[in-house]
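Residue-level structure breakdown
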Amino acid sequence: MPLKRTCCLLLGLLLCTAPAVQAERYLRIRLLQPQSEQGKYREGSTEGKLGTTGTGWMLSYGDFAVGQSTLTTSISLGDFQHKLISAWQEGAFIFGMTRTSSLTLGGGLLSAGKGTVTYSGTEYTSSSASGNSWFGLMGFEYILPITFDLIKFEYVEVLLGYRENRLSYGGYQSGSSTLGNSVKVKTVQYLLGLGLVF
């Protein structure tokens, strides 16, 4: 299972990380990016190929964090080509683990979404979208051997994570033509990111 493999990987990295600094309550700025899509989409006996790209950011102070993500998921399913754009509003809690690491658990709600389906040269656009997500991040703090006069920060974070999104798009239309089926999909991504701790 992807989740089990992810948890084992993060736990192993946590145990092998050498102490460098003591994790405390700081202001954190984080940038995140999905690295690989692990979700699946199936209609009948046909399974589609998924790919997800995008970026996200998170701003936190102490135990609480807020952020936004924008993701684009492409699905190739026979003659149908799907493109699902999703914008997320997110919140999270940060827990100290060791002197140099933290665990972040959070979730998000879809704030805006647009889906398109291309079939036989005709593009259909969705009129409704909804979704929710959850994610987990392990952060590992390091002191850089050099200093920057322009930006004063305490540490650099390396972030590894896992994310699941549940999406539903419907009401596909192209002029007076409509597609009756809605698109419901769960996407799964591993995450990689960097952060600055002030």
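Higher on the page you've got the structure.
Presented here is an overview of the structure given in this document. Treat the numbers as computed from the prediction; the structure is a model and nothing was measured.

1. Let's talk about the overall build of the protein chain
- In terms of helices and strands, the protein chain carries 1 helix and 12 strands.
- For the protein chain, the α and β elements follow one another from N to C terminus as α-β-β-β-β-β-β-β-β-β-β-β-β.
- For the protein chain, with 198 residues in total, the buried portion stands at 39%.
- Restricting the contact set of the protein chain to residue pairs at least 6 apart, pairs at least 24 apart contribute 68%.
- Counting every atom, the protein chain has about 10900 Å² of accessible surface; 58% of that belongs to carbon and sulfur.

2. Structural notes on the nonpolar core
- Core analysis: the largest hydrophobic core is formed by 15 residues, its most contacted members being Tyr 41, Ile 75, Leu 84, Leu 167, Tyr 172 and Val 185.
- Mapped by element, the contributors of at least two residues to this core are β4 (64–77), β5 (80–98), β6 (101–119), β9 (155–170) and β12 (183–197).
- Apart from the residues within four sequence positions on either side, Ile 75 is in contact with Tyr 41, Gly 48, Lys 49, Leu 50, Phe 80, Gln 81, His 82, Leu 84 and Val 185.
- Leu 32, Ile 94, Phe 135 and Leu 137 belong to the second-largest nonpolar core, a separate cluster that totals 9 residues.

3. Overview of unusual backbone geometry
- Phi angles above zero are rare outside glycine, and Ser 120 is one such case at about 55°.
- Note that Ser 120 resides in the loop between β6 and β7 (122–125).
- What makes Ser 120 exposed here is its relative accessible area of 63%.

4. Concerning the side chain of Ser 60
- The residue Ser 60 is located in strand β3 (residues 46–61) in this model.
- Judged by relative accessible area, Ser 60 falls into the buried class, the value being 2%.
- Here Ser 60 is in contact with Tyr 26, Leu 27, Arg 28, Ala 65 and Ile 94, once residues within four sequence places are set aside.

5. What to know about the side chain of Thr 104
- Examined against the element boundaries, Thr 104 turns out to sit in strand β6.
- Among the polar contacts listed, one links the side chain of Thr 104 to the side chain of Arg 30, at a separation of 2.9 Å.
- Contacts of Thr 104, omitting those with residues within four sequence positions, involve Arg 30, Met 58, Ala 92, Phe 93, Ile 94, Phe 135, Gly 136 and Leu 137.

6. What to know about the pattern of salt bridges
- As enumerated under the stated definition, the model contains 5 salt bridges in all.
- The partner of Arg 28 in a salt bridge is Glu 157, and the shortest N-O contact between them spans 2.7 Å. Placement of the pair is Arg 28 in strand β1 (residues 27–37) and Glu 157 in strand β9, with a sequence separation of 129 residues. Accessibility assignment for this pair places Arg 28 and Glu 157 in one class, buried.
- Of the charged contacts in the structure, one is a salt bridge between Arg 42 and Glu 47, with a shortest N-O distance of 2.7 Å.
- Classification of Glu 47 as partly exposed rests on a relative accessible area of 40%.
- Look at the salt bridges and you will find they share partners, linking Arg 28, Arg 30, Glu 141 and Glu 157 into a network.

Rules behind the numbers
Residues numbered from 1 in each chain as written. Predicted model: local features only at pLDDT ≥ 70, side-chain atom pairs only at ≥ 80, totals over all residues. Heavy atoms only, no water. Helix = DSSP H or I, 4+ residues; strand = E, 2+ residues; numbered from the N terminus. Buried < 20%, exposed > 50% of the residue type's maximum accessible area, 1.4 Å probe, protein only. Contact = heavy atoms within 4.5 Å. Areas by Shrake-Rupley, 256 points an atom, 1.4 Å probe, with all protein chains shown as cover. Core = buried A, V, L, I, M, F, W, Y, C linked by side-chain atoms within 4.5 Å. Polar contact = N/O pair within 3.5 Å; in protein donor to acceptor, adjacent residues only side chain to side chain. Salt bridge = Lys/Arg side-chain N within 4 Å of Asp/Glu carboxyl O.

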